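So you can see what is in the structure, the chains are spelled out below.
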Amino acid sequence: MIINSNIAAQSSANALGANQVALSRSLARLSSGSKIVNPSDDAGGLAVSLQLDAKAQRTDAAKSNIANAISFTQVQEGYLKKVGKAFDRMGELAMLAQDVTKSADDLTAYDAEFQKLGVFITTTATKDFNGTSLFSTTALAINTDETGGIFSMAGMNLGTTAAAIALTNIASAANAATALTTVKTETTTLATARANIGVDQMTLSYTSDQLTVSSENLSAASSMIKDVNVATESVAFAKHTMMVQSATSMLAQANQLPQSLMKLLG
């Protein structure tokens, strides 16, 4: 038996130190909810999870852009719906003005309403959405994914329509006939524009749904890499706790061995 070197105590101390490190790591994982507390825990997994998280954030940003684009088209449609009603009334007035039984005063009254509706359309053509013109020929480029993919949303130049309407009047039966032709033409243009807006809304809505699924999948993939399994880690924590307690007890016992040997010398 040796008293100069307490090998048993050194072994117990080493085991205690290792178990304390493992216990601290397990405690950190449980308290943080992540199994990658330090880069050294899983350097490769950390790199992959960071890339997945960044991709998910870009995907969410693209989804936000699409939501704003859908709002843009909804505002467009709201205005154009009112313009459509104005066209309906203008067409009706143009027909009434061609009635040979109408007096000059009647035509003047009809034309006054016709012109007011024309001003309404002209004013509508100048509306914007957060500084972006609602009605211009310029197509809008909408980001549709995290890589910067673009969906081109065609513009609708209501200004041209308003200018065409502004050149007409129904102050006479002949003028009313010309105005009616213009109103019918611009009504067709408006109908086409509203149909295109509907297609854009549908496409953007489908794209937004795709991005939602993609974001969920990216988050799930990242979670599999970095998030701690609480049940498994709790078992490990209990194990390391017991090992620390055991190693502490054994170290205490090992430190008593030299004192036992001293009794033999006494």
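You'll find the structure just up there.
Conventions adopted
- Residues numbered from 1 in each chain as written.
- Predicted model: local features only at pLDDT ≥ 70, side-chain atom pairs only at ≥ 80, totals over all residues.
- Heavy atoms only, no water.
- Helix = DSSP H or I, 4+ residues; strand = E, 2+ residues; numbered from the N terminus.
- Buried < 20%, exposed > 50% of the residue type's maximum accessible area, 1.4 Å probe, protein only.
- Areas by Shrake-Rupley, 256 points an atom, 1.4 Å probe, with all protein chains shown as cover.
- Contact = heavy atoms within 4.5 Å.
- Salt bridge = Lys/Arg side-chain N within 4 Å of Asp/Glu carboxyl O.
- Core = buried A, V, L, I, M, F, W, Y, C linked by side-chain atoms within 4.5 Å.
- Axes fitted to C-alpha atoms, helices over the stretch in contact; angles between N-to-C directions.
- Parallel < 35°, antiparallel > 145°, perpendicular 65-115°, else oblique.
- Left-handed = near helix turned anticlockwise from the far one by under 90°.
- Nonpolar A, V, L, I, M, F, W, Y, C, P; charged D, E, K, R; others polar.

Asks: Please clarify how the overall build of the chain should be interpreted in this entry.
Replies: The secondary structure content of the chain amounts to 6 helices and 4 strands. Sequence-ordered secondary structure for the chain, helices as α and strands as β, is α-α-α-β-β-β-β-α-α-α. Within the chain, buried positions represent 31% of all 266 residues. Counting every atom, the chain has about 15300 Å² of accessible surface; 58% of that belongs to carbon and sulfur.

Asks: Explanation requested: the side chain of Thr207 in the structure shown.
Replies: Relative to the elements of secondary structure, Thr207 occurs in helix H5 (residues 173-226). Residue classification places Thr207 among the buried positions, given a relative accessible area of 12%. Beyond its immediate stretch of four places on either side in the chain, Thr207 contacts Ile66 and Thr144.

Asks: Help me understand the pattern of salt bridges, please; the structure alone is not making it clear to me.
Replies: Charged atoms that come close allow side chains of opposite charge to pair. All told, the structure shown has 6 salt bridges when counted by the stated rule. Arg194 is the partner of Glu77 in a salt bridge, and the nearest nitrogen-oxygen pair spans 2.5 Å. Here Glu77 is found in helix H2 (residues 43-96), whereas its partner Arg194 is found in helix H5, with 117 residues between them in sequence. Assessed through its relative accessible area of 18%, Glu77 is described here as buried. When its relative accessible area of 28% is taken as the criterion, Arg194 is described as partly exposed. When salt bridges that share partners are traced, they join Lys55, Arg58 and Glu146 into one network.

Asks: Explanation requested: the nonpolar core in the structure shown.
Replies: Core analysis: the biggest nonpolar cluster contains 38 residues, and Phe87, Met90, Ile170 and Leu204 have the highest contact counts within it. Mapped onto this core, the elements with two or more residues apiece are H2, helix H3 (104-124), strand E4 (150-153), helix H4 (158-166) and H5. If you tally residues by element for this core, the top one is H2, at 12 residues.

Asks: Help me out: how do you make sense of the packing of H2 against H4 in this one?
Replies: The description of two helices packed together rests on the angle between their axes and the distance between the axes. As a packed pair, H2 and H4 sit with axes 13 Å apart at the nearest point and diverge in direction by 20°. Viewed along their axes, H2 and H4 adopt a mutual orientation that is roughly parallel. The interaxial crossing formed by H2 with H4 has left-handed handedness. Every residue of H4 that contacts H2 at Leu80, Val83, Phe87 and Met90 is listed here: Leu158, Thr161 and Ile165. Across the contact of H2 with H4, the residue classes break down as 6 nonpolar, 1 polar and no charged.

Asks: Is there a simple way to think about the side chain of Thr73 in this case?
Replies: On the secondary structure map, Thr73 appears in helix H2. Residue Thr73 is classed as buried on the basis of its relative accessible area of 0%.

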